[in-house]
Amino acid sequence: MSGIVALKNLKTDRVYLFYADNVVEDSARMRFELDLGMCGCKTLQDDYTETGLELFRFDTVLETDNPDDIQKVIDNYPERY
């Protein structure tokens, strides 16, 4: 399944949105990058390093085959990375 994934910081309510060709695999890859300190979004990486996995949640917010559909969900998340 492909779609738009929201990685939410439960402490700050900030959200990192990304398109995933495969939600399960791409979410696991994102977590792996965060665990290794290799995430391309510095502020997300800093928050993750400071708070740890326990305060983050991955949610599929829209099933879609179109990466451009991310624009449909951006307004639902005013606090974004």
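Fair warning: this is a prediction, and the values are worked out from it, not measured in the lab.

Peer 1: Is there a simple way to explain the packing of aromatic side chains in this structure?
Peer 2: Under the definition given, this model contains two aromatic pairs. Geometrically, the ring pair formed by tyrosine 16 and phenylalanine 18 is tilted, given 6.1 Å between the ring centres and 35° between the ring planes. An angle of 50° between the planes, with centres 5.4 Å apart, marks the rings of tyrosine 48 and phenylalanine 56 as tilted. When its relative accessible area of 6% is taken as the criterion, tyrosine 48 is described as buried.

Peer 1: Please explain the side chain of threonine 51 as it appears in this structure.
Peer 2: Counting through the fold element by element, threonine 51 comes out in helix α2 (residues 42-51). By relative accessible area, which is 18% here, threonine 51 ends up buried. From its side chain, threonine 51 meets the backbone oxygen of aspartate 47 in a polar contact 2.8 Å long.

What counts, and at which threshold
Per chain, residues are indexed from 1 in the order of the written sequence. The model is predicted, so local features are restricted to residues of pLDDT at least 70 and side-chain atom pairs to those at 80 or more, both for listing and for counting; the totals for chains, interfaces and linings are taken over all residues. The side-chain numbers reported here are obtained from all heavy atoms of the structure, hydrogens and water having been left aside. Each aromatic pair joins two rings of Phe, Tyr and Trp (for Trp, the six-membered one) with centres within 6.5 Å, and gets the label stacked for planes under 30 degrees apart, edge-to-face for over 60, and tilted for any other angle. Exposure classes here rest on a 1.4 Å probe applied to the protein chains alone. A residue is buried below 20% of its type maximum, exposed above 50%, and partly exposed in between. Secondary structure is summarised from DSSP: a helix means a run of H or I of at least four residues, a strand means a run of E of at least two, and numbering begins at the N terminus for each. Two N or O atoms count as a polar contact when they lie within 3.5 Å, although within protein this holds only if one can serve as hydrogen donor and the other as acceptor, and sequence-adjacent residues are included solely when both atoms are side-chain atoms.

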